There are 2 protein chains.
Amino acid sequence: MYMNIPKSHPRYLSLQIREKLVSGFDNNLVAKEGLLAHGRGEAFDYLIGEKTTKSAKDAIKAASIMLNQAENSVISVNGNFVALCPKEIIQLAKITNSKIEVNLFYSSEKRKKAISNILKKSGAKEILGMNKKQSTKLKGIDSARRIVDKNGIFSADVVLVPLEDGDRTIALKKAKKKIITFDLNPLSRTAQTADVTIVDNVTRAMKLLISESKKQSKKQISFDNKKNLKITILEIQKNLKRRAKNV
Amino acid sequence: MYMNIPKSHPRYLSLQIREKLVSGFDNNLVAKEGLLAHGRGEAFDYLIGEKTTKSAKDAIKAASIMLNQAENSVISVNGNFVALCPKEIIQLAKITNSKIEVNLFYSSEKRKKAISNILKKSGAKEILGMNKKQSTKLKGIDSARRIVDKNGIFSADVVLVPLEDGDRTIALKKAKKKIITFDLNPLSRTAQTADVTIVDNVTRAMKLLISESKKQSKKQISFDNKKNLKITILEIQKNLKRRAKNV
């Protein structure tokens, strides 16, 4: 089936990234709903111009400082994130001394294991969220995402939550955690609730976050997430205006 | 798995529509790539406010007149379209005296049969695009979509192509056909190339197109698709502006 995309198709590259998700689905990493979520991401990526904006770069800088200064940072992973950039997850965890925890909205043991296996193959030593004896519940979440690891998200001060649902972000904020998120929709509840929202495709943003984190800046973070989101929305408006001219 | 969406989730309704697609996938109607395409649609639907805009209503009126005045109109269907509104497809075909043809980007005999079966269950008598002896090729398309029915799309004067890829729309235009499309992205090549672009969710727009088509207007069509698309893009910009205020 994958051979059927003709090279002449103008969305060939985008379709190829899409096939990464489809292949993640075939390998039990990605849920069916995860394919839909990626589609939403594609649309918003298209609207920001399929490149890392200035405001996303500023958010990435703030995120790198926050991760480096954390006492106990955790990178929460789901199937989509792992299907798109498993190696970058491991690299970022090493550089920022963060733990990695599997936490799924559409949870299943099979999918959790597939995700953990890919991460271990890519070089991860310990994957949290896999041992039921270590699990506890976060208040304020109805979905399977309430189940977290005592040594991971539950006791973390900074959590990186990519491609997230709003409920959990709010619950994590109530539990007094600093939240960094990747979310291509600047209007989503997660984007609005997080401390640092990186409105960018994870395949581009993770690489930049890794190189920023290598700098180990000791600067104070001065970052206004709401202001930055407004700038992002303005950037989308400008893109629409520019494109409308060519209609 | 479907039970796991808590009612308290603020996107509960949207998630339920999503499950329709997922269920279409489970019934072999929808391709994996179709789930992604629906996700993109969700994002654009969100940006137009998840309602039928004034400009979409104008496009629906023009489309109904075009279908009623056609000599040989064909409704081209794919898995997503059939998963979302099978009954409406049959109703529209009856009212406008249109044929129905299955035409898939990610083609497979299994999926074609599943789509045809659902349509027949919903009351369709004849489904074109199923008989290889009747098939021929359209020029200018590399994908499986080039294969069309001699008695259907190949000889049609008006074709309704929902949720489309740009290549085929352009090829159909080159073959001198009038094209009506549903496309939630007003900037897509399909949206830009079609004669009438309905920027709306098919689950809402099909109902309106059916009721408009019942009027059997004999009016001349006076519809400027490019102008209408510009109005739609302006509507999205306004929505973004309004929402940015509340950030």
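Higher on the page you've got the structure.
Throughout what follows, the structure given in this document is the object of discussion. Numbering of residues starts from 1 in each chain and follows the order in which that chain's sequence is written. Written order determines the labels here, with chains lettered from A and ligands numbered from 1. With pLDDT at 70 or above as the cut-off, local features in this predicted model cover only qualifying residues; side-chain atom pairs require 80 or more to be listed or tallied, and sums for whole chains, interfaces and linings still use all residues. Hydrogens and water are ignored here; the side-chain numbers use all heavy atoms of the structure.

**Structural notes on unusual backbone geometry**
Of note in this structure, Asn97 of chain A is not a glycine but carries a positive phi near 55°. Within the secondary structure layout, Asn97 of chain A lies in the loop between helix H5 (86–96) and strand S2 (99–102). You will see that Lys176 of chain B, though not glycine, has its phi angle at about 65°, which is positive. Labels follow the DSSP assignment, with helices taken as runs of H or I lasting at least four residues and strands as runs of E lasting at least two, numbered in each case from the N terminus. When you line up the elements, Lys176 of chain B lands in the loop between helix H7 (166–174) and strand S6 (178–182).

**Observations concerning the packing of helix H3 (residues 54–69) of chain A against helix H10 (residues 225–245) of chain A**
All names here are of chain A. Geometry is summarised by axes, namely lines fitted to C-alpha atoms with helices restricted to the contacting stretch, and by angles between N-to-C directions that run from 0 to 180 degrees. Where H3 meets H10, the axes come as close as 9 Å, and the angle between the chain directions of the two elements is 155°. The angle between H3 and H10 places the two elements in the roughly antiparallel class. Handedness of the crossing formed by H3 with H10: left-handed. Across the interface between the two elements, Lys54, Ser55, Asp58 and Ala59 from H3 touch Asn228, Ile231, Thr232 and Glu235 from H10. Of the residues assigned to the contact of H3 with H10, the class counts are 2 nonpolar, 3 polar and 3 charged. Here the word oblique covers every angle except those under 35 degrees (roughly parallel), over 145 (roughly antiparallel) and from 65 to 115 (roughly perpendicular). Two helices that cross are described as forming a left-handed crossing if the nearer one is turned anticlockwise from the farther one by less than a right angle, and a right-handed crossing if clockwise. Every residue pair with non-hydrogen atoms within 4.5 Å of one another is taken to be in contact. Charged residues are taken to be Asp, Glu, Lys and Arg, nonpolar residues to be Ala, Val, Leu, Ile, Met, Phe, Trp, Tyr, Cys and Pro, and polar residues to be all remaining types, Gly included.

**Digging into the side chain of Thr190 of chain A**
Residue and element names in this part refer to chain A. Turning to its location among the elements, Thr190 is positioned in helix H8 (residues 189–193). Using a relative accessible area of 1% as the deciding quantity, one classes Thr190 as buried. Within 3.5 Å is the distance limit for a polar contact, defined as a pair of N or O atoms, with the added protein rule that one can donate a hydrogen and the other accept it, and that residues adjacent in sequence qualify only through two side-chain atoms. Here the side chain of Thr190 touches Gly166 through a polar contact of 3.4 Å, landing on its backbone nitrogen. Every residue in contact with Thr190, bar those within four places of it in the chain, is listed here: Glu164, Asp165, Gly166, Thr169, Thr181, Asp183 and Thr197. Relative accessibility decides the category of a residue: with a 1.4 Å probe and only protein chains considered, values under 20% of the type maximum give buried, values over 50% give exposed, and everything between is partly exposed.

**Regarding the interface of chain A and chain B**
Taken together, the contact pairs 48 residues of chain A with 48 residues of chain B. For any pair of parts, buried area is found by adding up, for both, the accessible area (1.4 Å probe) each one loses once the two are put together. Buried area between chain A and chain B, both sides added, is near 4500 Å², and the carbon and sulfur share of it is 68%. Taken as a group, Lys32, Leu36 and Val247 of chain A account for 15% of the area that chain A buries against chain B, more than any other trio of residues on that side. Each reported salt bridge corresponds to a side-chain nitrogen of Lys or Arg within 4 Å of a carboxyl oxygen of Asp or Glu. Counting the contacts that link chain A with chain B gives 4 salt bridges. Taken together, the links from chain A to chain B amount to 8 residue pairs in polar contact (both at pLDDT 80 or more). For the side of chain A that touches chain B, the elements supplying multiple residues, two or more each, are helix H1 (12–26), helix H2 (32–47), H8 and H10 of chain A. Ranked by residue count, the leading element in the side of chain A that touches chain B is H2 of chain A, at 12 residues. In terms of residue class, the side of chain A that touches chain B is built from 23 nonpolar, 9 polar and 16 charged.

**Observations concerning the sheet that holds S2 of chain A**
All names here are of chain A. Here a strand pair is declared whenever DSSP counts at least two bridges between the two strands. Read across the sheet, 5 strands follow the order S2-S1-S5-S6-S7 without closing on themselves; strand pairing throughout is parallel. Because the sheet does not close on itself, it has two edges, and the strands there are S2 and strand S7 (196–198). Neighbouring strand axes in the sheet, compared pairwise and without regard to direction, differ in orientation by 20° on average. Relative to strand S5 (residues 158–162), strand S1 (residues 73–77) is paired through 3 bridges, and the arrangement is parallel. Bridged to Ser73 within S5 is Val158.

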